[in-house]
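Secondary and tertiary structure notes
In case you want the letters, here they are:
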Amino acid sequence: MTNTQPAGGSTLDETALRNELKGLRAQIPDRPALNPIALLAFNLSRRLEAGEISFDDLKNLATRLMDSACVHRAFLLKEQIGFESDATTTQEFSDFIAKLAEDTSDAGFEAFQKRFARPRNGIVFTAHPTFGLSEELSNRIAEIAVSGSYDGKPLGIPHRPDPELTLEYERGRVQSAIRNLRDAYTDLLGDYFRTAYKAYGERAFKLTPQFATFASWVGYDLDGRTDIKWAFSFIVRLKEKAAALADIRERFIALKDVLGDEPDMVRLQRQVTGKLDLAIAAVETHMKALQAVGPEGKTLADAANIISQSDGHNLTSVEPLLALFDQVVETTSDVKAKIAVLAVAGLLRATGLGMSHIHVRVNAVQINNAFRAFVHESWTRDLTERQAQARIVEMIDNVTPETVNFETLDLENATAIRQFALVAQIMKHVDAETPIRYLIAECESPHTILIALYFAKLFGVSEIVDISPLFETPAALETGQRLVQRLLAEEAYRDYVTKRGRIAVQTGYSDAGRFIGQIAAGLAHERLHHGLADVVRKAGLKDVETLIFSTHGESMGRGAHPGNLRRRLRYVFPGESRWRFFRAGLPVKHETSFQGGDGYLYFTNTSFAKRALVTIVMSGKDPGEGEDPFYTDTNLALDFQLRLRDYQQELFAHPGYRALLGAIGANLLFKTGSRPVKRQGDHHSDRGDPARMRAIPNNAILQQFGYTANVVAGLGAAVGSERDRFIELAKQSPRLRSLIEMIARAKQLSSLYGIGANANIFDAGFWAQRASWGRETHLDPAFKFLAEHLLEDDRAGKIIGLAHFLRLDAIELHGILEEIGLEGGKIPDDHRLELDLLQAIRAALMMRIFILTAQLPRFTPTNEVTHEEIVNKALGLEIPEVLKVVRQAFPRRVDDKRDDDAFAEQATYLPKGIDDYGRIETEILEPMEQAYELVREIGTGISHHWGAFG
């Protein structure tokens, strides 16, 4: 890389700076108080303020480091997806199918048909705020990853999100990923039929394989947000229907040459395209009608009447199209043509009348509140739990279905009820067959599910909706098994899941990791899997599928394993979990989420999407009986989980942990999505309280401070006095080793010196010492101001106290990892040193912001904002608000062209404030804004090292 020559003739060479960090680390045994990152940050700050180096020098260096981290991330992404080449992906899948098709007898064919009669895995695209990368940067990462090479030139793309992160933007990103996945799915169907034809001949063309489902909740998820109106969701569903029909039409038309021009074939082709054209026109008419509703446009009744009128062209079932495709397959004698048509038909069968399946989501509180408002009876509060449940079941048994219309949707205030009405209208006017998941977050009572079932029956959608509780709080994970058991004791629920053919549950790592730590959460999820298998077996529901949807995310802070995709899938749904269902003869399906901009990287192009899909489909193979000793030494495994959970809960209550989360909060970060960062209704003053913060910013802040404590911490305490026994088990158990590898990888990237360097800027002693030596006399007043202002501030002390607490744990951690034979990053490699260097640069920039804050002029309180409050906001990096207020108090004269000559009356005095205010802007506010923008951009660079945001 090229060096940058800054002002004063000094050179900012990253290699030299990395070596400096190495040299400083080597001195630590003799200087225990030495913090290499903090010292390097101080040196950079002093040189920056002295003019030896410029802001541009730091920015150029940071950009090179961020580019390097981004390229490293791209190469790692290729490894994680497991992509070698398109040909390798196709061959691996074809070999997988061929092995399953080895038995060509009638019994073998029947077994092969049964193997793909239902999807065993699923993909769900979610849009939690992790869009930390612009679409351009995401595409560049994918290009580098696919090619496996990088020319060494600057990327030339800012490391930041796109500026407008609206819900519509997020929907565009997810639809782009889904289009690539649809291409991949169609390719796989072609590979499947070609391989099956070799084994079974013409019999293969009667197969209707189901590989995996894919779904999205973007535009339908109302948990924690109130900004998504019913009309938006309905229009989104219409847009997706129109796009899907157009996609099927385009794929079919592309087969024109291979289908030939025989009269019967031409007639069939016209029937297919004609039906699709009319269906697309109908959907577009519906969309235009709803979009025209407004004060100066049509009324809702006008739009509703257009949508509800039946002209026979609007499709609500795929069957008419599938019947035509069957005729095309029977009419053509060309094998390639048959396979191509079957692939298009298979895509339609898999996704229905939409680009994908959809999930709607609400919160348990919304369900319960809606029910209280609906019944208008005090018994919802006054009866015992058992009595209330009996009353709800009685209502389910005696329900009289109601019909709804678009006025119902518009008038209904209860979010949970409105979502059921939305589903009813989708079922009536959009797609009557494709299942819709109804997810209920924070579900800890069977009442909530039974209430949802009542509403589903009330609105006539129980035959299309899969009601799914989300288990992710510690209480829900512990009691989820019993909750399902209690539900299955009710005939109304048993009848519902038997008719649906599935029990659906959702499990989450986000909040679980926020309250009991990621490793303990992983083990809690696994225990829940085992418990569910036991409950369903005892209930005698042999033909009812258990659908487990694991929502986790992409970074080590959110449950995903840092290894390849296959290992990641096995981390969240271990082989033992699948085996517990398999040995009891119970069908099970596992779905996994790919969240936001990070998760969509796996589907940035068709090559990646196909490789990911192949891995996911193959992970659903029948498991063999496990030999893992982790599942036989159950006492040790349970004790390990409980002790680790207890340690993590003690950690989360530590005042330093809260101080770390609240010191700057999410202000280190760009806004990365349309959903609010704060939890709905949260006006709590303690912004460092984990319970008051969403999981994504919680984990992102830990990454940014340099230590993912909710992954790394507590191993020593969890092992306890059984260290030798634990070490031996870790060497023998693949499952336990995967958990320890997660800890080890997170530790390789974590640095307690990073925590110390970030805490250092809040230390009054640091600023007082900087003033006392008199080497930066021009800044002494600023240093003294900061020292005095921070004297009563306890953030630094608490965070440093946390670092000491974690260091004691890290000593045990390194010892255990060394005995197991895993690298824990005790001696950082060059990649980790680049991360440390980014931390140092950012700390120096935050020092600049603090120094500039100390120079802010005092002003008369404006809008009840005092100078002290502005200073506190600046020291919490609420820089946009600071700039806004100060610029209002000291407006800069933008137009310097004075029209003095236009005045007949002459003056020798002009207001001096014109120039003074200009200096405030150029000498304080602009540098502060520049520094802050780079601080946040470096945050993106740091997230490259972790492989994800939050």
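Residues numbered from 1 in each chain as written. Predicted model: local features only at pLDDT ≥ 70, side-chain atom pairs only at ≥ 80, totals over all residues. Heavy atoms only, no water.

**Thoughts on the overall build of the protein chain**
Our working rule: Secondary structure is summarised from DSSP: a helix means a run of H or I of at least four residues, a strand means a run of E of at least two, and numbering begins at the N terminus for each. We compute the radius of gyration over the C-alpha atoms and compare it with the globule rule, which gives 2.2 Å times the number of residues raised to the power 0.38. Each residue is assigned to one of three classes by its accessible area relative to the maximum for its type, calculated with a 1.4 Å probe on protein chains only: buried under 20%, partly exposed between the two thresholds, exposed over 50%. Per-residue and other accessible areas were derived by the Shrake-Rupley procedure at a 1.4 Å probe size, with only the shown protein chains allowed to occlude residues. Think of it this way: Lys and Arg go in the positive column, Asp and Glu in the negative one, and His and the chain ends go nowhere. Every charge is mapped onto a representative atom, which is NZ of Lys, CZ of Arg, CG of Asp or CD of Glu.
In terms of regular secondary structure, the protein chain is built from 42 helices and eight strands. Expected size for 950 residues packed as a compact globule is a radius of gyration near 30 Å; at 30 Å, the protein chain falls within 12% of this value. Overall, the C-alpha framework of the protein chain stretches about 90 × 85 × 65 Å when taken along its three principal axes. When burial is assessed residue by residue, the protein chain has 60% of its 950 residues classed as buried. Carbon and sulfur atoms make up 49% of the accessible area of the protein chain, which amounts to about 37,800 Å² in all. Positive and negative side-chain charges of the protein chain, numbering 112 and 128 respectively, have mean locations separated by a distance of 3 Å.

**Here's the deal with the pairing of strand 7 (residues 545-551)**
Formally: By the convention used here, strands pair only if DSSP detects at least 2 bridges between them.
Buried residues dominate strand 7, accounting for seven of its seven residues. Burial along strand 7 is two-sided: Glu545, Leu547, Phe549 and Thr551 facing one way and Thr546, Ile548 and Ser550 facing the other are all buried. Judged from the seven bridges that link them, strand 6 (residues 502-508) and strand 7 form a sheet pairing that is parallel. Looking across to strand 7, one finds that Arg502 is bridged to Glu545. By the bridge criterion, five bridges tie strand 7 to strand 8 (residues 588-595) in an arrangement that is parallel. Among the inter-strand pairings, Leu547 is bridged to a residue of strand 8, identified as Lys589.

**Focus: the confidence of the model for the protein chain**
Which entries qualify depends on this criterion: Residue-level confidence of the predictor is summarised by pLDDT, bounded by 0 at the bottom and 100 at the top. It only takes one pair of heavy atoms within 4.5 Å for two residues to be counted as in contact.
Looking at the protein chain as a whole, its pLDDT mean stands at 92, while 94% of the residues score no less than 70. Taken as a whole, residues 1-10 scores under 50 in pLDDT and shows 28 contacts with residues more than four places along the chain or in a different chain. Contacts from residues 680-685, a stretch scored under 50 in pLDDT, to residues over four places away or in other chains number seven contacts.

**A few points about the pattern of salt bridges**
For the record, the criterion: Salt bridges are identified by distance alone: a Lys or Arg side-chain nitrogen within 4 Å of an Asp or Glu carboxyl oxygen.
Overall, the coordinates contain 52 salt bridges when judged by the stated rule. Residue Arg140 is joined to Glu143 by a salt bridge in which the shortest nitrogen-to-oxygen separation is 3.6 Å. With Arg140 and Glu143 both in helix 6 (residues 135-147) and three residues apart, the pair spans about one turn of that helix. Accessibility expressed as a relative area gives 24% for Arg140, which makes it partly exposed.

**Describing the packing of helix 16 (residues 385-397) against helix 19 (residues 446-458)**
The relative placement of two packed helices comes down to the angle between their axes together with the axis-to-axis distance. Condition: Under this scheme, a helix contributes an axis fitted over its contacting stretch, all axes are lines through C-alpha atoms, and angles between N-to-C directions fall in the 0 to 180 degree range. Our angle categories are set so that under 35 degrees counts as roughly parallel, over 145 as roughly antiparallel, 65 to 115 as roughly perpendicular, and the remainder as oblique. Take the far helix as the reference: if the near one is turned anticlockwise from it by less than a right angle, the crossing is left-handed, and if turned clockwise, right-handed. Asp, Glu, Lys and Arg are counted as charged, while Ala, Val, Leu, Ile, Met, Phe, Trp, Tyr, Cys and Pro are counted as nonpolar; the rest, among them Gly, fall into the polar class.
Interhelical geometry of helix 16 versus helix 19 gives an angle of 15° and a closest axis separation of 9 Å. By the angle class used here, helix 16 and helix 19 are roughly parallel. Relative to helix 19, the crossing made by helix 16 is left-handed. Touching Glu385, Ala388, Gln389, Ile392, Val393, Met395 and Ile396 of helix 16 are Pro446, His447, Leu450, Ile451, Leu453, Tyr454 and Lys457, all from helix 19. Partitioning the contact of helix 16 with helix 19 into residue classes produces 10 nonpolar, two polar and two charged.

**Digging into the packing of helix 37 (residues 780-789) against helix 39 (residues 830-854)**
At their nearest, the axes of helix 37 and helix 39 sit 8 Å apart, and the two run at 95° to each other. Judged on the interaxial angle alone, helix 39 and helix 37 are roughly perpendicular. Contacts between helix 37 and helix 39 involve Ala782, Phe783, Phe785 and Leu786 from the first element and Phe850, Ile851 and Ala854 from the second. Residues of the contact of helix 37 with helix 39, tallied by class, amount to seven nonpolar, no polar and no charged.

**Quick word on the sheet that holds strand 2 (residues 212-216)**
If you walk around this closed barrel you meet the eight strands as 1-2-3-4-5-6-7-8, and the pairing is parallel. On average, adjacent strands in this sheet sit at an angle of 25° to one another, irrespective of strand direction.

**Regarding the side chain of Asn758**
As a reminder, the rule being used: N or O atoms within 3.5 Å of each other form a polar contact, as long as, within protein, one can give a hydrogen and the other can take it, and as long as residues adjacent in sequence are counted only when both atoms are side-chain atoms.
As for its position among the elements, Asn758 is in helix 35 (residues 752-760). Polar side-chain contacts of Asn758 include one of 2.9 Å to the backbone oxygen of Gly754. For Asn758, the side chain forms a polar contact with the side chain of Gln839, separated by 3.1 Å. Ignoring any residue separated from it by four or fewer positions in sequence, one finds Asn758 in contact with Gln704, Phe705, Gln839, Arg842 and Met846.

**Let's talk about the environment of Phe726**
Mapped onto the elements, Phe726 comes out in helix 33 (residues 723-732). Here the alpha-carbon distance between Phe726 and Ile820, two residues 94 residues apart in the chain, equals 9.5 Å. Those residues in contact with Phe726 that lie beyond four places of it in its chain are Leu636, Phe640, Leu715, Val719, Leu736, Ile740 and Ile816.

**A few points about unusual backbone geometry**
For residues other than glycine, phi is negative in most cases, and the peptide bonds are mostly trans. Notably, Glu442 is not glycine yet its phi reads approximately 55°, a positive angle. With respect to the element layout, Glu442 can be found in the loop between strand 4 (436-441) and helix 19. In this structure, Leu877 takes a positive phi of about 60° despite not being glycine. Position of Leu877 relative to the elements: it lies in the loop between helix 40 (867-875) and helix 41 (879-889). Judged by its relative accessible area of 0%, Leu877 falls in the buried class.

**Describing the environment of Glu576**
Locating Glu576 in the fold gives a position in helix 25 (residues 575-582). A polar atom in the side chain of Glu576 sits 2.8 Å from the side chain of Arg580.

**A word on the layout of surface pockets**
As a reminder, the rule being used: Cavities and pockets were defined on a 1 Å grid built over protein atoms only: a cavity is a set of grid points that admits a 1.4 Å probe from which the probe cannot escape, a pocket is an open set flanked by protein on both sides within 12 Å along at least five of seven lines, and lining residues are those with an atom within 4 Å of any such point. Grid points are joined across faces, edges and corners, and a volume is the space filled by probe spheres set on the points.
The computed volume of the largest pocket comes to approximately 830 Å³. If you go around the largest pocket, you meet 33 residues; those closest to its centre are Arg566, Arg570, Pro574, Gly575 and Glu576. Partitioned by chemical class, the residues of the lining of the largest pocket number 10 nonpolar, nine polar and 14 charged.

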